[in-house]
Amino acid sequence: MQLEETKAADAARLHPGWKRDDHLLALLARNARERPTEVAMRERDHGIWQEYSWAEYLDTVVSFAAGLEEKGVGPEDLVLVIGDNRPNLYFSMLGAICLRAIPSPAYPDTPPEEIVGQLKREGIRVAIAEDQEQVDKLLGARESHGEPRLIIYDDPRGLAGKEPEGVVAFTSLLASGRERLQREPGLREALLARPSVHDVAILLHSSGTTGVPKGIPLKHGHMLSGVRNAAAAGYFQQGEVHMAYLPIAWVGDFIFSVAAALELRFTVNIPEAQETALHDLREIAPTLYFSSPRAWSAMLTRIQVGIAESTPFKRWLYDRFMPFALDLERARLDGRKPGLLDRLRHGLGELLVYGPIKDQLGLSRVERPYTAGEAIGEDVFLFFRALGLNLRQFYGQTENCALAVAQAPEDISLTTVGRPFPGVEVRIDDSGEILVRGDNVFDGYFEDDAASAKSLRGGWLHTGDAGQFDEDGQLVVLGRVSEVVHTRDGTRYIPTYLENRLKFSQFVKDVCIVGAGRDFLSAIVCIDLHAAGQWAQENGVSYTSYAELSQSPAIYDLVQGIVGKLNAMLPAGLSISRFVNLHKEFDPDDGEVTRTRKLRRDVIDQRYAKIIEAVYAGDEEIDFEAQITYETGQTGVIARKLSIRTLEPATGGRG
Amino acid sequence: MFYRLAGVHHTRYETARALWPVPADRWQVAIVALLALAAPFFLSSLYLGSYLLPWLIWSAAALSLTLLMGLAGQLHFGFAAVMAIGAYSSIHLARFGVPFELALIGAGLTAAVIGSLFGAAALRVKGLYLVMATLAMQYLVDWVIINVPAISGGAQATLRTPSVSFLFIPLDTLSARYYLALGWVALVAIFFLNVKRTSFGRALVAIRDKDFAAAVIGVDPFRYKLMAFFTSSFMGGVTGAVLAFCYYRAVTPEQFSFNVSIQLVAMVLVGGLGSVIGGFLGAGFVLLVPIILTNLVAGMAAAGWFTVSSNLLAHVPLMIYGALIIGFLLFEPLGLAKIYDNIRKYFLVWPFRHSRS
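Residues numbered from 1 in each chain as written. Chains lettered and ligands numbered in written order. Predicted model: local features only at pLDDT ≥ 70, side-chain atom pairs only at ≥ 80, totals over all residues.

Undergrad: Sorry if this is basic, but what is going on with the overall build of chain A here?
TA: Scanning chain A from N- to C-terminus turns up 22 helices and 27 strands. Taken against the 2.2 N^0.38 rule, which gives 26 Å for 655 residues, the C-alpha radius of gyration of chain A at 26 Å falls within 12% of a compact globule. In terms of overall dimensions, chain A has C-alpha extents of about 80 × 65 × 55 Å along its principal axes. For chain A, with 655 residues in total, the buried portion stands at 47%. In chain A, 64% of the contacts between residues at least 6 apart in sequence involve partners at least 24 apart. (Helix = DSSP H or I, 4+ residues; strand = E, 2+ residues; numbered from the N terminus. Rg over C-alpha atoms; globule rule 2.2 N^0.38 Å. Buried ≥ 20, exposed ≤ 12 C-beta atoms within 10 Å, placed from the backbone. Contact = placed C-beta atoms within 7 Å.)

Okay, structure coming up:
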């Protein structure tokens, strides 16, 4: 008890400005008090939207907390949460937070051994799972590891009535919690008063690009100050309609769908399934929409493919209006105002082309569309801005609640990510690393003091990103500091920078630039099956599989053109001289990319060493067997003869 | 382009199953309804009385027939006789002093009972044989009306409709008659839209697709075929009465001759089997296109573009009209309703070819 009090006092000393009772549950209680009947959450279930009001939200959270406490969950206990977005998973996370326990979400497609790793590292004994698939995974973990002893499931399909030992339905826990609340008057208020702003509200994880994921505990106060800073900058508004379709284990989802949703009374909408997310998006037409650059790019591809196969008149209209809007947007970014005639033409275009496209995508009401995570392609960025969506980039890490820097609506540029939010300080240290300080920056990694000390040297968060401020004081992010690589003659380059620029092409899904310590740069390219397949159809290239398409000479010509275009823009010594099309996509199941689709270079270097050697040996082709892992955990092999292309030296570049 | 669907979501299955879940469709229905309600105020009595009014009544007739032919799949080539029964019954009932409202229902019931009697043949015969049975009904009813003076008032006689009022509104003015016809066709249309969503409607569709398969899944063909004939004939009978009182205002047997039955079948086929909008479009096409063509050809001849003998002038529009019907059946066998549907879908997925979500 003594110890606990000292700990609480220590935590409070870290953030003297925070008020103790200013936490997520208090905000939920406030919303339930002020707007009991307003819709807080919607989930599409069997084709119709089930609505949950703020009063129901609070009632479910508190009842679940009461039931969960009976199962022996208490302060600082970690609770694994795994599954797709479901209202009950959000409710149960908040229920755990109410008991001062800490939810530790995991991506739904995490393989069993990683789950066991997380259970062991964090000493987790209780898990909340979405459905039978996740329960099976956890039961497997229990067999090998002994934990989690309690599994709570949401979707009863395949489970109800025949639960194994220690597996409990969300609904039954809820019912026993309701009973307990009736038995013990005053418990509801007592439960709601328990959390403090200094409590860790959630344990998120770094993506694990290098090694084991690190636990990132975020407190109520971190998230709320992040959200309030962002709201002060006009980044969120009161009562947004929000689509919660991104994984709950990702920082953005907890910040958007829980923290900001509670603080600013969002209506959070949850799609029926990942596969129907785009359809459900149209039914809801949110006002706030976040999507990764990759997803925006996929959306653009979807539009372009749709137009390409549309009827001649509609295609003719699109060809009249879309390039015009792009020109107009370019001029606007250059600071020129459109004339009256242009504005009239744009209005007509809004009626005939832009408006209908936005309506088809479900973006017609979006006022705050965002993207972050990596650089967005100029084509994509311009396209959506030309459609009339004020697409903006922001910048942040899990460590600072993903809310550090964002573009203001009026000064947008392609290269920068904008200015720091009010209340957030950003500076560049001597080595060119971006440092962040503010109340939204976390207090240290989970049980890893060495990493925390390294990351929080001098009170500043060391982001590990290289960056600089441009003349207007806007932040430019160049890439990871750790990723700066040198070729044999000492030329510095950042592979992700080149990779992202290649990925701006819709035909390139993934690419890995190789060249550290080598004479020249080369690329391993994974083509995009959807876009390249469509292109192949239009150009009469026949194919039966991804592997065959990737090796067709026509596709090689196509990729060569894309690489050549990038080479022309790069300084001497940085051009990509040889490339090979891989006959399989990079896959998180094979460990080549993380679940958030970031490259794991060491894995790629090791697995494709034979290809890389052939590239630098000057071979024209190579027989290669690629290992693949199926979702069941079985492995297989795809063998193929891969050809290697050499590019003509670009003007100014080396051969 | 006009169809904006973003943000349309349903929290109950009832609203998802509504007649017009798409806002743009609701707007179209509302605008058409408003125009129809306001028509007496902006249309001349010529257009109102000679074009719009018969169009509405014949639409109701086509809808009554398409319930039988389109939904239940039972061919009927004697529907004019059903309407004749309704028309004569209502006049005689009104002359006996029965209130007009009751006379309308009586007309429907008489037509329904007699129509079902002939429809009973449908339990034994199908296709062309059913056509023969219904044709027999046409000729029998024609014969009975002409040869029983108590019904027709004697051969070659014309029965004038007595002056009546509907819900205390006398049907002396054109507008009053127009609104009665509008109300009736609206009622029929709403009934039809809804009947498609009921178990009754689905049972009829099952019988249309294969009657013994329907029997296997528990739909009693005997009962439902009779019900289809009864319902359709009831609606046809009332429509006949409305036609007599609101449009012709006098009846003779020739008004319900065999040609009229064929015209009704044409309306249903050209409009599109089993479709509400098809009923309206088909009736409009069959009724109005010959008139428009005649005016057009006559106008062009008068303007001196070409010279035709007056004898030929009477036939040219009919020839074009026949060619149009053949063209429709060739190029869009599903009728005008399908053309409307194609146009609607063209705009629904605008600017794409298919739905993107």
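Still more ground to cover, so stick around.
Undergrad: Sorry if this is basic, but what is going on with the overall build of chain B here?
TA: For chain B, the helix and strand inventory stands at 15 helices and 4 strands. Taken over C-alpha atoms, the radius of gyration comes to 22 Å for chain B, in line with the 21 Å a tight globule of 357 residues would show. With the principal axes as the frame, chain B shows a C-alpha extent of 65 × 65 × 45 Å. Considering chain B as a whole, with its 357 residues, one finds that 38% of them fall into the buried category.

Undergrad: Is there a simple way to think about the domain arrangement of chain A in this case?
TA: Put simply, an interface is often sized by how much accessible area is lost when its parts join up. Residues and elements named next belong to chain A. Along its sequence, chain A is carved into domain 1 (2–282), domain 2 (293–481) and domain 3 (484–646). The distance between the C-alpha centroids of domain 2 and domain 3 comes to 26 Å. Counting from both sides, the interface comprises 14 residues of domain 2 and, opposite them, 11 residues of domain 3. Looking at the side of domain 2 that touches domain 3 residue by residue, the class counts come to 5 nonpolar, 4 polar and 5 charged. (Domains from an automatic or database assignment. Nonpolar A, V, L, I, M, F, W, Y, C, P; charged D, E, K, R; others polar.)

Undergrad: Before we go on, may I ask you to explain the interface of chain B and chain A in this structure?
TA: Counting residues at the interface gives 18 residues for chain B, matched by 28 residues for chain A. Split into classes, the residues belonging to the side of chain B that touches chain A amount to 9 nonpolar, 5 polar and 4 charged.

Undergrad: Hey, could you run me through the pairing of strand β27 (residues 635–646) of chain A in this one?
TA: All names here are of chain A. Pairing of strand β25 (residues 576–581) with β27, which is carried by 3 bridges, proceeds in the antiparallel orientation. Directly across from Phe579, in β27, lies its bridge partner Arg645. Linking strand β26 (residues 621–629) to β27, which pair antiparallel, is a turn of 5 residues; within it Gly633 sits at a positive phi near 100°. (Pairing = 2+ DSSP bridges.)

Undergrad: Would you mind showing me how to read the sheet that holds strand β3 (residues 78–82) of chain A here?
TA: Strand pairing in a sheet takes place through backbone hydrogen bonds and is either antiparallel or parallel in direction. Residues and elements named next belong to chain A. Read from one edge of the open sheet, 5 strands run β4-β3-β5-β6-β7, paired in parallel fashion. In this open sheet, the two strands that pair with only one neighbour each are β4 (102–106) and β7 (167–169). Each strand of the sheet is rotated relative to its neighbour by a mean of 25°, with strand direction disregarded. Relative to β4, β3 runs parallel, the two sharing 5 bridges. For Leu80, the partnering residue across the bridge sits in β4 and is Ser104. Set on the sheet, helix α6 (residues 132–145) makes contact with β3, β5 (126–129), β6 (150–153) and β7; between it and β5 the angle comes to about 155°. (Axes fitted to C-alpha atoms, helices over the stretch in contact; angles between N-to-C directions.)

Undergrad: How should I be thinking about the nonpolar core in this particular structure?
TA: Soluble, globular proteins show a tendency: their nonpolar side chains are buried together. Judged by nonpolar contacts, the single largest core of 142 residues is most densely connected at A:Leu28, A:Val79 and A:Ile255. Broken down by element, this core gets its largest block of residues, 10 residues, from helix α10 (residues 251–264) of chain A. If we skip the residues at most four places from it in the chain, A:Ile255 touches A:Met223, A:Gly226, A:Val227, A:Ala260, A:Cys401, A:Ala402 and A:Leu403. B:Val82, B:Met83, B:Ala94 and B:Ala337 belong to the second-largest nonpolar core, a separate cluster that totals 86 residues. (Core = buried A, V, L, I, M, F, W, Y, C linked by C-beta atoms within 7 Å.)

Undergrad: Looking at this model, I keep getting lost on the environment of A:Arg501. Mind explaining?
TA: Residues and elements named next belong to chain A. Locating Arg501 in the fold gives a position in helix α17 (residues 495–503). The exposure class of Arg501 is partly exposed, given the 19 C-beta atoms found within 10 Å. Spatially, the C-alpha atoms of Arg501 and Leu80 are 37 Å apart, while their sequence positions differ by 421 residues.

Undergrad: Explain the pairing of strand β20 (residues 475–480) of chain A here, please?
TA: A regular strand places its side chains so that they alternate between the two faces of the sheet. Residue and element names in this part refer to chain A. Pairing of strand β19 (residues 461–469) with β20, which is carried by 5 bridges, proceeds in the antiparallel orientation. Bridge pairing in β20 links Ala466 to Gly479. Hairpin connection, β19 to β20: the antiparallel pair is bridged by 5 residues, and Gly473 has positive phi, about 85°.

Undergrad: Would you mind going over the confidence of the model for chain B with me for this structure?
TA: Low pLDDT means the predicted atomic positions in that stretch should not be read closely. Here chain B shows a mean pLDDT of 89. Residues at 70 or above account for 99%. Scored by ipTM, the complex comes to 0.82, with pTM at 0.81. (pLDDT = per-residue confidence, 0-100.)

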